[in-house]
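One letter stands for each residue in the lines below.
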Amino acid sequence: MAECGASGSGSSGDSLDKSITLPPDEIFRNLENAKRFAIDIGGSLTKLAYYSTVQHKVAKVRSFDHSGKDTERDHEPPYEISVQEEITARLHFIKFENTYIEACLDFIKDHLVNTETKVIQATGGGAYKFKDLIEEKLRLKVDKEDVMTCLIKGCNFVLKNIPHEAFVYQKDSDPEFRFQTNHPHIFPYLLVNIGSGVSIVKVETEDRFEWVGGSSIGGGTFWGLGALLTKTKKFDELLHLASRGQHSNVDMLVRDVYGGAHQTLGLSGNLIASSFGKSATADQEFSKEDMAKSLLHMISNDIGQLACLHARLHSLDRVYFGGFFIRGHPVTMRTITYSINFFSKGEVQALFLRHEGYLGAIGAFLKGAEQDNPNQYSWGENYAGSSGLMSTSPELGPAQRARSGTFDLLEMDRLERPLVSLPLLLDPPSYVPDTVDLTDDALARKYWLTCFEEALDGVVKRAVASQPDSVDAAERAEKFRQKYWNKLQTLRQQPFAYGTLTVRSLLDTREHCLNEFNFPDPYSKVKQRENGVALRCFPGVVRSLDTLGWEERQLALVKGLLAGNVFDWGAKAVSEPWLVDSYSEWLQRLKGPPHKCALIFADNSGIDIILGVFPFVRELLLRGTEVILACNSGPALNDVTHSESLIVAERIAGMDPVVHSALREERLLLVQTGSSSPCLDLSRLDKGLAALVRERGADLVVIEGMGRAVHTNYHAALCCESLKLAVIKNAWLAERLGGRLFSVIFKYEVPAE
Amino acid sequence: MAGVDEKAQALPPTRPLGGAAITLFWTTPPSPPPRNQDPPPPPASPRPCHRSLSLDRGMVNPPRVRESIGREAFGPPPASSDWLPARWRNGRGGRRRARLCPGWTAAEDGRSSTLGGLLGRQLWLLRMGAGRFGAPMERHGRASPTSVSSGGEQAAGGPEGRRQEPLRRRASSASVPAVGASAEGARRDRLGSYSGPTSVSRQRVESLRKKRPRFPWFGLDIGGTLVKLVYFEPKDITAEEEEEEVESLKSIRKYLTSNVAYGSTGIRDVHLELKDLTLCGRKGNLHFIRFPTHDMPAFIQMGRDKNFSSLHTVFCATGGGAYKFEQDFLTIGDLQLCKLDELDCLIKGILYIDSVGFNGRSQCYYFENPADSEKCQKLPFDLKNPYPLLLVNIGSGVSILAVYSKDNYKRVTGTSLGGGTFFGLCCLLTGCTTFEEALEMASRGDSTKVDKLVRDIYGGDYERFGLPGWAVASSFGNMMSKEKREAVSKEDLARATLITITNNIGSIARMCALNENINQVVFVGNFLRINTIAMRLLAYALDYWSKGQLKALFSEHEGYFGAVGALLELLKIP
């Protein structure tokens, strides 16, 4: 184990300007390897983007060389594990206030090791102003990129790559955020960018977009006019004033014009008839708060109205809003949403973006990195390295907001392989992987957050134990604990911080945090041992299955699948009767013609894959069904990884002629899912898998395990037959579903004709 | 150019620029509508009837106001007998309410027996409450039928109700062909005229006299900021009449016509006065008066002091204030308001005023070369094909209507950024106290010191998006900077406010025109009063951003159309 942490550059962060309050090793990470800088300098915030490589440890499995040995020794592990360094690509985005720009440039200059970089892509209104400073400090040539082009490139990128990027904002509802599942077809859409003015752009394809209109009444009007009216200089302070004001003291409302009659006329008396209509008098003073609020309403309503008119003209119903006027401020999102709903009568949806502030920087980066083809890859948000959305609590004053506004981070990992939607989804746009939305379900949220908190000790122990030879394992594990604990606390306060909160996102965040501190696969040894034990049992299990009659065998195979799924939690027996039971339909189906090809998503290593899945696969093969066995690309808990599955298959092939010939004849194919999550998102799967599914004409999908079949995909609708199997290993969840601990889910579904 | 408002003169190019070039459109009337086949109703019937034609049945040839210029009198009313029920089925609040005005009940009394069904019931209700002309009881009578028609009123009322209105409105007017002539040529025929009822027999004059409402004739539009009052001053008063004229009526007439200012805030726009107008068989002048809405209590008090209620007159009023001040009128002034739908009145008023012209000149005009102060010319516009028309009424707030025919229109949208916003912000930013002062400051200011232009950001045009450098990128955008805040004058701020509000209205109007597929846009409302800067900017912006597809039109009587429409309702001129 090398001593230097592969991630984080922290050692010499002292030189950073003292005014930067966050530890620099958390801000400018992996700067040594950074290349391809891009910078977006707005009116008050600077967004820096760079591309870097992250070196981290991965656990690799490798078969022992068994040649020359005809018998296995009982106590030898089935394969060896080695920890290797792997390099992956990561995009870093940092947002900070313009006041820090010089300090940040100094810091970058001091730590930039990579000298290949010659230019920096720059965009945003401030790019001109700081051009000289950047060129002088970084000795990089500044390449100016068009603001709107960058913005749209960035917008396309986040919409495609970040799940739950877009959300609608609902006032007074809990949660206020409702995230949109990623739509496979993001075009066409309307982007309304509210900077100092307003630009309305219709985006039709990746490269085709058109400025369809705009307005001069935008963020600059709020700020400029607000500063004149209230003598308040800062934008955030103006918003804060507005959040406390009563616009009805300044605006002429319908009820002011109509008197009390608005009620009998069926009018809403609160509608604004004339903004600032009441201020047309010399003999009255108006409070700053009231004027700021009136101004905010005036501008938001106006923008919303224009956006609706443009949406209508172009027959679009999705309008994304971005720009510094929004910047995640609940008060502006609220007024914009209200206005859009009012003027479109609900026909147009106002959507906001979690990473709205980064669009320009992302776009500028992409412009500069075109030769690396960043659009060819899929990217995933790294929950460990990203700061997430700010709180929207209305009480939060500018001082409190300032902290999170000072430095904000987004990190995106380049995924090894491009991800696409499973071709077998019935309706990709409406597919939602997660079964329970914890942002929505406060009770479930509370339960699961506590559950993950309580399990943290165990995970830390497991992590330390997985690296007995490492001197700093305990220290790193402690850092992991802190990081994940903090994430959980953040999520308690702001469940929407990373999009829709789900059991999946909690699990994924934990995996990201473990990776962050170089615990790539804490279960590797456990999996190795269990795989060894299970492999030794395999011949006996197959023999005994073969002695059973056909019908008995089918039940035994299903029970095997379920049992393997249980053993990791130490259950001895499943609870009867089954909670969801369509076994008889499945049996009936088996009496019919064989399936052409089955796609199986495997769950755990050990008993599950070897004694549950493989005998089931063997039976399918014997029936004449081809099998695609999909396992995770990277480790997650004790789930079987693709590389482990290859070894396991190889070992089983050595024992079983059915599997042997199927592998040789490519009737059994082992593929990777593209995921490293204990859950399963069928809309983000390895492209190769999708191609294979299409090529082989898969007509049966088997999903097993709680993570893949209950926490996710329980309600997933497929256009072919599907089997979802799991044992509910959590008492709380079992009760919620109306069953008991170790209740069985056996869900066989046939799509309606 | 007589009687040009003094304040208007203070502002150089605001008043008419090119009166000489005006061609009066009615001197070359469009081919007359096929009146014989499809006779329109006699809208200008001088009889104060309810425009319910069946009431006219039995009258061989209702007394007609004759068009003085090449127009024949209206034909007989349509014989269609199902017309009336259809009207009732589809009646809208505003109209129905008008029909329920107490002033009409007496006139109807004699004929009500001929009516059955719904109308009979309505009249019955009316009679229940309206036993005696002008008596308090009558007001109760008025109040109770409102509940009968409340369904219609709700939707017709204000911004929100109207949002759901368009379909219904259009549907209803589509099924009510007789409300107005469907052919636009006919529309003008029905409207007022210049000359008196020369061919009307003595008997008819007599009948007219009985049935038209008593003097004084007012139309009132009580807006959020301004009250607009139109007053018809009869000039054909006979000696006999003069003798009969009660003292209070005389004093009102004298007071209104001999002054140009009333109290400290009331102003008569003398330059707008329409002379020698014939209304309901009476010849006279139409006066245009305005005063701030906050002086409404004083106005009502004056009505009380001058004993208006003794005149048994009806106040037809529109605008939100008709509702707001209804109770005050009743309790303080002992006056019953007849409340009318403001959009109905607006459209009615515009079409009428356009048809009678402006004392021989054109009512409607446009600007040529609006951006060039040297070459800019105000030219008359012949609105001979008025439909479809986008009507942008800029008062305190803004309403935008798409008008497809006289009775077929819908409210497209509105914005709260209107004249009230301009004046309100100017008061806050500059400490000015009057609209005139605000405009005067604006005329001397430089908005480019306040606004951030495209060229301020991009150094020139933003070619990627085809934006010219002179376009405003961010209104008040320069005011984000402390130095620039300190460097601007009040005049600059007033100018920027004016430009901001005007551009925004132009932009919304343009989008509506595109969405509604309408290319002539008429801007009216008191925001445009003595406001050439705004009008020229609207004209330019509409032309520029639509690449010449849209035309901005204006009208001399800017803000008075609602009040005119209310007066027309009083006189039952459809």
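Since we're looking at a predicted model, the values are computed, not measured.

S.K.: Can you walk me through the pairing of strand β23 (residues 700-704) of chain A in this structure?
M.R.: Across a regular strand the side chains alternate sides, sitting on one face of the sheet and then on the other. Residues and elements named next belong to chain A. In terms of residue burial, β23 counts as a mostly covered element, since 5 of its 5 residues are buried. Side-chain alternation along β23 places Leu700, Val702 and Glu704 on one buried face and Val701 and Ile703 on a second face that is also buried. Direction of pairing for strand β19 (residues 597-601) relative to β23: parallel, over a ladder of 4 bridges. Bridge pairing links Ile600 to Val702 in β23. Pairing analysis gives 5 bridges linking β23 to strand β24 (residues 721-728), with the strands arranged parallel. Its bridge partner being in β24, Val701 is matched across the sheet by Ser722.

S.K.: Can you walk me through the confidence of the model for chain B in this structure?
M.R.: The predicted structure's coordinates, where accompanied by low pLDDT, should not be read in detail. The predicted model of chain B has a mean per-residue pLDDT of 72, with 63% of residues at 70 or higher. A low-confidence stretch, residues 1-200 of chain B (pLDDT under 50), is modelled with 389 contacts involving residues beyond four sequence positions or located in other chains.

S.K.: Sorry, what's going on with the interface of chain B and chain A here?
M.R.: If you look at the interface, chain B gives 58 residues, while chain A gives 60 residues. Both faces considered, chain B and chain A share a buried interface measuring about 4900 Å² in area, 65% of it formed by carbon and sulfur atoms. Taken together, the links from chain B to chain A amount to 1 salt bridge. For the salt bridge of Glu516 of chain B with Arg312 of chain A, the shortest nitrogen-to-oxygen distance reads 3.5 Å. At the surface where chain B touches chain A, the tally comes to 18 residue pairs in polar contact (both at pLDDT 80 or more). The residue inventory of the side of chain B that touches chain A, partitioned by class, reads 23 nonpolar, 25 polar and 10 charged.

S.K.: Just to check I follow, could you spell out the sheet that holds strand β11 (residues 389-394) of chain B for this structure?
M.R.: Pairing between the strands of a sheet is mediated by backbone hydrogen bonds and can be parallel or antiparallel. Residue and element names in this part refer to chain B. Ordered in space as β10-β9-β17-β16-β11-β12-β13, the 7 strands form an open sheet in which the pairing is mixed. The open sheet is flanked by β10 (377-380) and β13 (409-415), the only strands paired with a single partner. If you compare each strand with its neighbour and ignore which way they point, the axes differ by 30° on average. Direction of pairing for strand β12 (residues 398-403) relative to β13: antiparallel, over a ladder of 6 bridges. Looking across to β13, one finds that Val398 is bridged to Thr415.

S.K.: Please explain the nonpolar core as it appears in this structure.
M.R.: Residues Phe222 and Phe321 of chain A together with Val392, Phe422, Phe523, Phe527 and Phe554 of chain B are the most contacted members of the largest nonpolar core, which totals 101 residues. Sort the elements by how many residues they give to this core and helix α8 (residues 288-313) of chain A lands first, with 12 residues. Setting aside residues no more than four positions away along its own chain, Phe422 of chain B makes contact with Phe435, Ala438, Leu439, Ala494, Thr497, Leu498, Ile501 and Phe527 of chain B. With 81 residues, the next largest nonpolar core counts Phe308, Phe315, Tyr323 and Tyr409 of chain B among its residues.

S.K.: Where do I start with the domain arrangement of chain A in this structure?
M.R.: It is common to report an interface's size as the accessible area lost on association of the parts. If you check the domain split of chain A, you get domain 1 (31-63 + 75-160 + 361-414), domain 2 (166-250 + 286-353), domain 3 (434-517) and domain 4 (523-749). Computed from C-alpha coordinates alone, the two centres of domain 2 of chain A and domain 4 of chain A are separated by 48 Å.

S.K.: Explain helix α9 (residues 330-344) of chain A here, please?
M.R.: Owing to its 3.6 residues per turn, the α-helix aligns residues three or four sequence positions apart on the same side. Residue and element names in this part refer to chain A. When the terminal C-alpha atoms of α9 are compared, their 21 Å separation across 15 residues agrees well with the 21 Å that a helix rising 1.5 Å per residue should span. Counting buried positions along α9 gives 11 out of 15 residues, so the element sits mostly inside the fold. Among the residues making up α9, those that are buried are Pro330, Val331, Thr332, Met333, Thr335, Ile336, Thr337, Ser339, Ile340, Phe342 and Ser344. Lys345 sits one or two residues past α9 and shows a positive phi near 50°.

S.K.: Just checking my understanding: could you explain the side chain of Ser645 of chain A for this structure?
M.R.: All names here are of chain A. Structurally, Ser645 is set in helix α19 (residues 642-655). You can call Ser645 buried: its relative accessible area is 0%. In this view, Ser645 contacts Cys631, Val640 and Leu670; residues no more than four positions away in its chain are not counted.

S.K.: Whenever I open this one, the packing of helix α13 (residues 473-493) of chain A against helix α14 (residues 503-516) of chain A confuses me. Can you help?
M.R.: Residue and element names in this part refer to chain A. Relative to each other, α13 and α14 sit at 150°, their axes nearing to 9 Å. Classified by the angle their axes make, α13 and α14 are roughly antiparallel. Seen from above, α13 lies across α14 with right-handed handedness. Touching Phe480, Lys483, Tyr484, Lys487, Leu488 and Leu491 of α13 are Leu506, Thr509, Arg510, Cys513 and Leu514, all from α14. Partitioned by chemical class, the residues of the contact of α13 with α14 number 7 nonpolar, 1 polar and 3 charged.

S.K.: Mind showing me how you'd approach the side chain of Asn730 of chain A here?
M.R.: Residues and elements named next belong to chain A. Summarising the element assignment, Asn730 is placed in the loop between β24 and α23 (731-736). At 2.9 Å, the side chain of Asn730 and the backbone nitrogen of Trp732 are in polar contact. Leaving out residues up to four positions away in the same chain, Asn730 has contacts with Tyr447, Trp448, Cys451, Met706 and Leu741.

S.K.: Looking at this structure, I do not really get unusual backbone geometry. What am I missing?
M.R.: With glycine set apart, most residues show a phi of negative sign, and most peptide bonds adopt trans. The residue after Phe187 of chain A, namely Pro188 of chain A, is reached through a cis peptide bond having omega -10°. Residue position: Pro188 of chain A is located in the loop between β7 (177-179) and β8 (189-194). Cis geometry marks the peptide bond from Phe215 of chain B to Pro216 of chain B; its omega dihedral reads 0°. Mapped onto the secondary structure, Pro216 of chain B falls in the loop between α10 (202-211) and β1 (217-222).

Definitions and limits used
- By convention here, each chain's residues receive numbers from 1 onward along its written sequence.
- Chain labels run from A onward and ligand labels from 1 onward, assigned in the order the entries are written.
- Only residues with pLDDT of at least 70 are given local features in this predicted model, and only at 80 or more are side-chain atom pairs given and counted; all residues enter the totals for whole chains, interfaces and linings.
- Here the side-chain values reflect all heavy atoms present in the structure, with hydrogen atoms and water set aside.
- Only protein chains enter the accessibility calculation, which uses a 1.4 Å probe. A residue is then buried if its area is under 20% of the maximum for its type, exposed if over 50%, and partly exposed in between.
- Helix and strand labels come from DSSP, where a helix needs a run of H or I of at least four residues and a strand needs a run of E of at least two; each type is numbered from the N terminus.
- A pair of strands counts as paired when DSSP detects no fewer than two bridges linking them.
- A residue's pLDDT is simply how confident the predictor is in it, with values from 0 to 100.
- Contacts between residues were defined by any pair of non-hydrogen atoms, one from each residue, lying within 4.5 Å.
- In short, buried area is how much 1.4 Å probe accessible area vanishes from two parts on joining, totalled over both.
- Within this document, salt bridges are pairs made up of a side-chain nitrogen of Lys or Arg and a carboxyl oxygen of Asp or Glu, the two lying within 4 Å of each other.
- Distance and chemistry together define a polar contact, namely a pair of N or O atoms within 3.5 Å, with one atom able to donate a hydrogen and the other to accept it when in protein, and with adjacent residues in sequence counting only for side-chain atoms on both sides.
- Just so you know the grouping, Ala, Val, Leu, Ile, Met, Phe, Trp, Tyr, Cys and Pro go in nonpolar, Asp, Glu, Lys and Arg go in charged, and all remaining residues, Gly too, go in polar.
- Here an axis means a line fitted to C-alpha atoms, over the contact stretch when the element is a helix, while the angle between two N-to-C directions is reported on a 0 to 180 degree scale.
- As used in this record, nonpolar core signifies buried Ala, Val, Leu, Ile, Met, Phe, Trp, Tyr and Cys residues forming a set joined through side-chain atoms within 4.5 Å.
- Note that the domain bounds were set by an automatic or database domain assignment.
- In this analysis, the expected span of each helix is defined as 1.5 Å times one less than the number of residues it contains.
- Every angle not falling under 35 degrees, over 145, or within 65 to 115 is termed oblique; those three ranges are roughly parallel, roughly antiparallel and roughly perpendicular.
- Note: crossing handedness is left-handed where the near helix turns anticlockwise from the far helix by less than a right angle, and right-handed where it turns clockwise.

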